[in-house]
Amino acid sequence: MKHKLTLTLGVLALAAPVAAAGDIIATDAYRWSGDSIIQGEFKAYAPSDTEIVSDYAAQPHYFMPVNKVWKLRNDISSYPQLRSSNRLHNAIYNMGLDEMVNAVEPDTTLRTGKEWAGVWTRDVSYSIILSMSYLQPEASKISLMKKVTPTGRIVQDTGSGGAWPVSSDRMIWAVAAYELYKVTGDRDWLEQIYPIIKNSIEDDMEVTYVDGGVNGETSFIDWREQSYPKWMQTADIYASQAQNTGAVHVEALDILSRIAAELGKKDDAAKYGDLARSLNESLIEKFWMPEKGTMAMYTYGREYPVINPRSETLGQAFAIIYDQLPDSMAAAITENVPVTPYGPPVFFPQIKDMPPYHNNALWPWVASYWVLANAHAGNEEGVMEGIGSVFRPAALFTTNKENLNLDNGDIATELNSSNMLWCLAGNLAITHRVLFGIRFETDGLHIKPFVPEALADTRSLEGFDYRGSKVNITVSGYGNEVKSITVNGKQVKNVNGPIVPAKPKGNYDIVVTMADNKIAPMRVNRTANVKAPLTPLTRLAHDADVAAANPSAPYLNTLQWNPIEYIAGYIVLRDGKPVARTRETSFTATEPGVYQVIGVDSDGVESFASEPVNNLTTLRVQPSSVATAMKSAEVSYQPDGAISGFTGAGFAETDQGTAPVVFDIVADGDGDRFISLRYANGNGPVNTENKCAIRTVMVDGVKVGTVVMPQRGVGNWNDWGMTNILPVFLTAGPHKVTIEMMPYDENMNLATNHALIDALIIEQP
């Protein structure tokens, strides 16, 4: 999917740290010099291709010790063997293969990490895309099929609020499954995955595709407090739209279109191809920030969503790799995404009052995708610093760690694991996909290396398996242009086409000579690690004296918020638009609307927008039929005593077998409204399990959207919360609102899809 939009951005190059003689990479935090990584007083080096020694000392009292030595333990002779002049590179590569063998479980599935048992949809899929598809094709296939429900849908991992659709990045499975097809050429696999992908996308189109975006949590960043403001409930996260999750869906739709074409399903190919293009164009319009030269991270809010202008690395890398952006925009992103001395952050800037895990962290596999994106966009410096951000921790910690603290490069984060699958997969992908330029397509194996001048060498990869043939590849020189390629001693005329055919015969010795061309210089946006201001806490207070003096302003209220330390000022939003800038901590809200406040520090770094508060006219309507006790057999955790906290005579209970919940309402005039439900769901904890209740909302028999009722705590049936908000247009007069469960509303649990509904809330702008 290639775009022709052109873009011009004025950017200023920042000076790189001066590298000493022998340095391959140098940042303000560390150096890769010869066969060693040096960070302050610490050093890691490779005495041989099968050993790494480190004297790194982790943060005192951290629960996870640092291994000082890695030595090859497993037999890796059946995997592609790297030969280069740099022992450290060879050793880090071999450590990746060694830990990959550790990651293959007895049942031939891929273990997520040393501390993370089992198969996770997103972890295994991102790992398969990076390198497991061709290094572990059978384990990849078995692992993917472990993540399919009995109804033929892709499993959404548990995350914030009960899995799908609060989290909706499961479609990365489709990208991984198709990558496996491109590796193997297995037609039976293609026919097997097609209905699974189609069923899952069709459900997503009904439940998560809203207003030109995809609702749901940021892909992989699945601890809500680590990347969202604290005021956001899990229903708010469902209603948010993440750039990276949207990018995953664009590629999944495009893949579904390609599979349909290959299977001769022309109508489906056209349908899903059109949807992919439309969604992609909408995401660019929604998230592109020309003043920053990057994409925004996600939209959030309630009645009037706003964008979170943070830069998020994985989604932007993914969009570049899969040609979802025009070349000029892709290049601008590689030059403008902030990169710290330890490497590209998960997102930037950081959340000040949140410990490191997704926040304030580098994940090496994300950095590996960033390397691939920089190579795709032609950013040589970006490739080098990305490689360094993966190799530094691999050497110093003598394992492929899960994540690193951006403040000091240490492993002291909320959770961490050694032998992490997607991190070792990224480590290996850098060598295979960038320095050797290996790319799998349906017409065969393509080879187009990207070799920064600092990594100029003669490297060989021996025994690479491709569809039963053994392929040996030697790459000499540097640059991003190929001078010549020979296969079994014969010159290849078209170096941009498949070098090994889709139906190979025999073995192949491939020699690639690079052009030693100077890659056009591009910059890296090197920056210190920055923390954003704290989020203001707002309230609307009715000022009786002011209102008495202004009787013609019935909506007159005072918006108040707490002062934030070291703040330069505040931005006041009404209905998602800035209406004032002030250094005060109050604002007179003279018009009806939804209000939020953003703090801005002296460097222009913004806080999250505060929780929306409003002075809209609000109506609360009870269901037409109510009860005061639960009867459903789907209840997972019974209440401790009688249920309380509902606002009327009782509540309506909804599960997979109950009739629709009905509300009879009367609109006092034509106009836009916002509707939502007050609900309870005690069927599980907030941060795991998969029992989000999902319902379709009908007004007079016409679908107006989906509401989700995520879990609010084990047995917490007296904890009432709000669903996401749906905009509707109502004509004057009576209407019937029904809350129904449709076939596409089935959740990941399958057995429990249950909640209590207290009231319908109607807001009038």
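Residues numbered from 1 in each chain as written. Predicted model: local features only at pLDDT ≥ 70, side-chain atom pairs only at ≥ 80, totals over all residues. Heavy atoms only, no water.

So, about the overall build of the chain. For the chain, the count of helices and strands is 15 helices and 49 strands. Counting every position in the chain, which comprises 765 residues, the buried fraction comes to 61%. A fraction of 73% describes how many contacts in the chain between residues 6 or more apart in sequence connect residues 24 or more apart. When the accessible area of the chain is evaluated, it comes to approximately 28,300 Å², of which 50% is carbon and sulfur surface. (Helix = DSSP H or I, 4+ residues; strand = E, 2+ residues; numbered from the N terminus. Buried < 20%, exposed > 50% of the residue type's maximum accessible area, 1.4 Å probe, protein only. Contact = heavy atoms within 4.5 Å. Areas by Shrake-Rupley, 256 points an atom, 1.4 Å probe, with all protein chains shown as cover.)

Attention shifts here to the packing of aromatic side chains. Inspection of the entire model under this criterion finds 30 aromatic pairs. Each ring, one from Tyr126 and one from Trp422, has its centre 6.4 Å from the other, and the planes form 50°; the classification is tilted. Linking Tyr126 in helix α2 (residues 121–135) with Trp422 in helix α14 (residues 421–435), this pair joins segments that are 296 residues apart in sequence. A relative accessible area of 1% means that Tyr126 is categorised as buried. Pairwise contacts between aromatic rings join Tyr126, Phe220, Trp223, Tyr357, Trp363, Trp365, Tyr369 and Trp422 into one cluster. (Phe/Tyr/Trp six-rings, centres within 6.5 Å; stacked < 30°, edge-to-face > 60°.)

Looking at the secondary structure, you find Met329 in helix α11 (residues 327–336). By relative accessible area, which is 1% here, Met329 ends up buried.

This part takes up the side chain of Asn379. Tracing the backbone through its elements, the reader meets Asn379 in the loop between α12 (364–377) and α13 (380–396). A polar contact is formed between the side chain of Asn379 and the backbone nitrogen of Gly382, at a distance of 2.9 Å. Excluding residues within four positions of it along the chain, Asn379 makes contact with Thr334, Glu335, Asn374, Phe450, Met522, Arg523 and Val524. (Polar contact = N/O pair within 3.5 Å; in protein donor to acceptor, adjacent residues only side chain to side chain.)

Before going further, it helps to examine the sheet that holds strand β44 (residues 702–709). Taken together, the four strands give an open sheet; going across it, the order is β40-β48-β43-β44, and neighbouring strands pair in antiparallel fashion. For this open sheet the edge positions go to β40 (661–667) and β44, each flanked by a neighbour on one side alone. With direction set aside, neighbouring strand axes in the sheet form an average angle of 25°. Across seven bridges, the pairing between β40 and strand β48 (residues 733–740) is antiparallel. Note on β48: the bridge partner recorded for Ala667 is Gly733. (Pairing = 2+ DSSP bridges. Axes fitted to C-alpha atoms, helices over the stretch in contact; angles between N-to-C directions.)

The next thing to look at is the confidence of the model for the chain. In the predicted model, the chain carries a mean pLDDT of 95, and 95% of its residues have values of at least 70. Low confidence marks residues 4–14, where pLDDT is under 50. Its contacts with residues over four positions away, or in another chain, come to 20 contacts. (pLDDT = per-residue confidence, 0-100.)

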